[in-house]
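Examining the three-dimensional arrangement
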Amino acid sequence: MATFFGEVLSVYSRAVDEDEEELGENEEDEEIRRELEEKREVNLHWSPEVSESLKSGNKLQCSDFILAVGHNAARFLSVYVLTSENWDAVGHASVWNERSRAATGITSEEETACVFYRKKDNPSVLICQATCYIAEDQLFQWTEKVFDCLQHRELNVTVLSDSSVAEYKTADYLCYSSAPFLRSLHTSAFSGQPVCQSLEQPNIVTGLPAAVLNQCEVHRIATVVYQCYSDVTGPDSVTMETYKPALTKLSKSIQLDPSPSTDVLRKFARTTNIQSNLYI
Amino acid sequence: MFISSQNSPPSFKDFTLVMPAVAVGNVGQLAVDLIVSTLNMSRVGYIHTDCLIPMTGNNPYATCKEDAEELHTPAEVYTAAELKMAVLQIRAPIIQTKSKKFRQLLVSWIKASGFSRTVVLSSSHAYQRDDQQLQGTPLRYLVTPSLLKVSADALKDLGWKEMERVSAFPGLTDANTEPRLYIPGGGITKGLYTDSCAEDLPLAVLLLFCSEGDNIPDAFTLVNHLNNWLHLLENPSQKPNKWKIPTSWSLLFGSGIPPALF
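Residues numbered from 1 in each chain as written. Chains lettered and ligands numbered in written order. Predicted model: local features only at pLDDT ≥ 70, side-chain atom pairs only at ≥ 80, totals over all residues. Heavy atoms only, no water.

In the annotation of an unreviewed UniProt entry, chain B is listed under the name Proteasome assembly chaperone 2 and assigned to Sander lucioperca. The Sequence similarities (unreviewed entry) field of the UniProt record for chain B holds the comment "Belongs to the PSMG2 family." For the record of chain B, the UniProt heading Subcellular location (unreviewed entry) holds the text "Nucleus". (UniProt positions renumbered as here; feature names shortened; annotations may be inferred.)

As recorded by an unreviewed UniProt entry, chain A carries the name Proteasome assembly chaperone 1 and is attributed to Sander lucioperca.

This is the structure in structure tokens:
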């Protein structure tokens, strides 16, 4: 769609594939399709201790589940939470899709997996950092599988999610000095007061946070999503800090490191444009 | 899978279901938005399925600050009990490989719920019309045999135009190829219609030939067309327009422009 000024906007769902009758597929095609489908399955790998208790029918006792989606959100947790306390990595979810590196098998764990951490002295607090790309057809499955492992009673879910300020719509011209900022969205079961303004229509949330919200809304789980709109593409410390108030509500179960060391920050806020050849 | 948002599951017995097909220009979805917001319908449940791309947002039909903070999901069911009417709104595209599964899910839900009839609002690429379709109104309809049995007279009175079957190979006169139903850009429309014919479901499709762009006028055309049949509003086309545009339609062309530009 072209705007008044002629620039072309990509708008959701406006191009529709022709729904032609399924052509008579041969067996080989069907097999390839089936194998691809199998490969695209989301797999959860838990530590032996957790998977044993899951097998015996005991779901993970969880009071607070914090999910960080995107590099800034995940690194915020790495810098402010995971360094300051004792956390066990208890599992990870692996997904394979069109953006996964070629099937050589040489992929770094960090990029392909969403890692789950559990607090050592309070095992009912669970954290997940999801920085890998999860395709549209895998989002529902990911959410369903993860929430299937968690005890739903008294569960509180907090999702921190990155977004670009370019995706934020407002009637006023957005002054870019206002970014980064937070907007919240919560399910009807969520009874607290979010720490920031609610996301205004016609803005929507997509991707993993949306899948989690949908799942939690229909299953009546108290969930809040904090979406951070940032104007910096790579991970940076200012954007990371924006998430700070979101976790103040959880101060009973999670203590934030008030002043992380510069070394830690530097490690996690390293710029990504080193690989970019734009300014060479 | 239908999940009720209330404590007791709603009854749809003998209700009319209106639903969109996610199709070119999103005309059906926009028309359904107009119905929900104008009739002030209440949400009774969700269609929770892996066939749709997840999305969510606050209340798209918010009228005041109090009801703005309410989470809405990709597919939701609304009712107006006094009109015996239910509406399924679909807000997200269907995952391509799962469109057949989605159709089956809808057909079995429609069957199980006991709707008296289903109306699918849809659209099709205007540029792919053939010579006969170019003339006259851009609106077409399709009905399944089981709905035709009960609504034949009503449809005759309306004087609507049925969707033409087009020849498979235009220009070639081959006695062996039968004209076929062709709805390019119509998403699941054709599949849903043929499934409903096979399952003996009373279903009608109302569609409009259109192109991508600002499709708000198309939505009004389609919803007025539907209103001629279902009489949801009296004289809706009279000025001022009686259909209520929901808040979620704002900023269609993006954010505000920098004031320093002028």
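**Re the overall build of chain B**
Counting its regular elements, chain B contains six helices and nine strands. Against the globule reference of 18 Å for 262 residues, chain B gives a C-alpha radius of gyration of 19 Å, in line with a compact fold. Overall, chain B is about 65 × 55 × 40 Å in size when its C-alpha atoms are taken along their principal axes. The buried share of chain B, taken over its 262 residues, is 56%. Of the contacts made within chain B by residues no fewer than 6 positions apart, 74% connect residues no fewer than 24 positions apart. Here chain B displays about 11,600 Å² of accessible surface, and carbon together with sulfur accounts for 53% of that area. Within chain B, the 24 negative side-chain charges are centred at a point lying 2 Å from the centre of the 22 positive side-chain charges. (Helix = DSSP H or I, 4+ residues; strand = E, 2+ residues; numbered from the N terminus. Rg over C-alpha atoms; globule rule 2.2 N^0.38 Å. Buried < 20%, exposed > 50% of the residue type's maximum accessible area, 1.4 Å probe, protein only. Contact = heavy atoms within 4.5 Å. Areas by Shrake-Rupley, 256 points an atom, 1.4 Å probe, with all protein chains shown as cover. Lys, Arg positive; Asp, Glu negative; His and termini not counted. Charge placed at Lys NZ, Arg CZ, Asp CG, Glu CD.)

**Some remarks on the packing of helix H2 (residues 99-113) of chain B against helix H5 (residues 189-199) of chain B**
All names here are of chain B. In contact at an axis separation of 10 Å, H2 and H5 are set at 45 degrees when each is read in the N-to-C sense. Here H2 is positioned oblique relative to H5, judged by the angle of their axes. Seen from above, H2 lies across H5 with right-handed handedness. Seen from H2, the contacting residues are Arg103, Leu106, Val107 and Lys111; seen from H5, they are Gly191, Leu192, Asp195 and Glu199. Residues of the contact of H2 with H5, tallied by class, amount to three nonpolar, one polar and four charged. (Axes fitted to C-alpha atoms, helices over the stretch in contact; angles between N-to-C directions. Parallel < 35°, antiparallel > 145°, perpendicular 65-115°, else oblique. Left-handed = near helix turned anticlockwise from the far one by under 90°. Nonpolar A, V, L, I, M, F, W, Y, C, P; charged D, E, K, R; others polar.)

**Side note on the interface of chain B and chain A**
With 60 residues of chain B at the interface, the matching set in chain A holds 46 residues. When chain B packs against chain A, the two sides together hide about 4,300 Å² of surface, and 56% of this comes from carbon and sulfur. Counting across the interface, chain B meets chain A through one salt bridge. The tally of links between chain B and chain A comes to 13 residue pairs in polar contact (both at pLDDT 80 or more). When contributions to the side of chain B that touches chain A are tallied by element, the ones reaching two or more residues are strand E1 (2-4), strand E3 (42-47), strand E4 (55-57), H2 and H5 of chain B. The sheet contact formed by strand E8 (residues 204-206) of chain A and E4 of chain B spans three bridges and is antiparallel. Residue pairing across strands places threonine 206 of chain A opposite methionine 55 of chain B, the latter belonging to E4 of chain B. (Buried area = accessible area lost by both parts, 1.4 Å probe. Salt bridge = Lys/Arg side-chain N within 4 Å of Asp/Glu carboxyl O. Polar contact = N/O pair within 3.5 Å; in protein donor to acceptor, adjacent residues only side chain to side chain. Pairing = 2+ DSSP bridges.)

**Describing the nonpolar core**
Most often, soluble globular proteins keep nonpolar side chains buried together rather than apart. Core analysis: the largest hydrophobic core is formed by 45 residues, its most contacted members being Phe65, Leu67, Phe116, Trp142, Phe147, Val157 and Leu208 of chain A. Of the residues forming this core, the biggest block, six residues, is contributed by helix H6 (residues 207-218) of chain A. Other than its neighbours up to four places away in sequence, tryptophan 142 of chain A contacts Val42, Leu67, Ala93, Val95, Cys114, Phe116, Cys128, Ile134 and Leu208 of chain A. Ranked by size, the runner-up nonpolar core spans 40 residues in total, among them Val24, Val87, Cys210 and Leu222 of chain B. (Core = buried A, V, L, I, M, F, W, Y, C linked by side-chain atoms within 4.5 Å.)

**Points about a nonpolar patch on the surface**
A surface patch of nonpolar side chains, about 350 Å² in accessible area, is lined by Ile257, Leu261 and Phe262 of chain B. By relative accessible area, phenylalanine 262 of chain B is classed as exposed at 74%. (Patch = residues over 30% accessible without salt bridge, like charges linked within 9 Å, V, L, I, M, F, W, Y side chains within 5 Å.)

**Some points on the sheet that holds strand E9 (residues 203-210) of chain B**
All names here are of chain B. The mixed open sheet is built from eight strands, whose spatial order is E1-E3-E5-E6-E2-E7-E9-E8. Each having just a single partner strand, E1 and strand E8 (139-143) make up the two edges of the open sheet. Put simply, the sheet's adjacent strands are angled 25 degrees from each other on average, direction ignored. Here strand E7 (residues 117-125) pairs with E9 via eight bridges, running parallel. Considered in E9, the bridge of threonine 118 is made with leucine 203. In this fold helix H1 (residues 27-38) packs onto strand E2 (16-20), strand E5 (75-80), strand E6 (85-90), E7 and E9, with an angle of close to 135 degrees to the strand it touches most, E6. Contacts between H5 and the sheet are confined to E2, E7, E8 and E9, with E9 contributing the most and set at about 160 degrees to the helix.

**Thoughts on the side chain of serine 78 of chain A**
All names here are of chain A. Residue placement: serine 78 occurs in helix H3 (residues 71-82). Residue classification places serine 78 among the buried positions, given a relative accessible area of 10%. Excluding anything up to four places from it in sequence, serine 78 contacts Thr83, Gln129 and Phe268.

**A look at unusual backbone geometry**
Proline 180 of chain A follows alanine 179 of chain A through a cis peptide bond whose omega is -5 degrees. One can find proline 180 of chain A in the loop between strand E6 (156-164) and strand E7 (181-186). Following glutamine 201 of chain A, the chain continues into proline 202 of chain A via a peptide bond in cis, with omega recorded as 5 degrees. Considering the arrangement of structural elements, one finds proline 202 of chain A in the loop between E7 and E8. The phi dihedral of histidine 231 of chain B is positive, around 50 degrees, even though this residue is not glycine. Tracing the sequence through the fold places histidine 231 of chain B in the segment after helix H6 (216-230).

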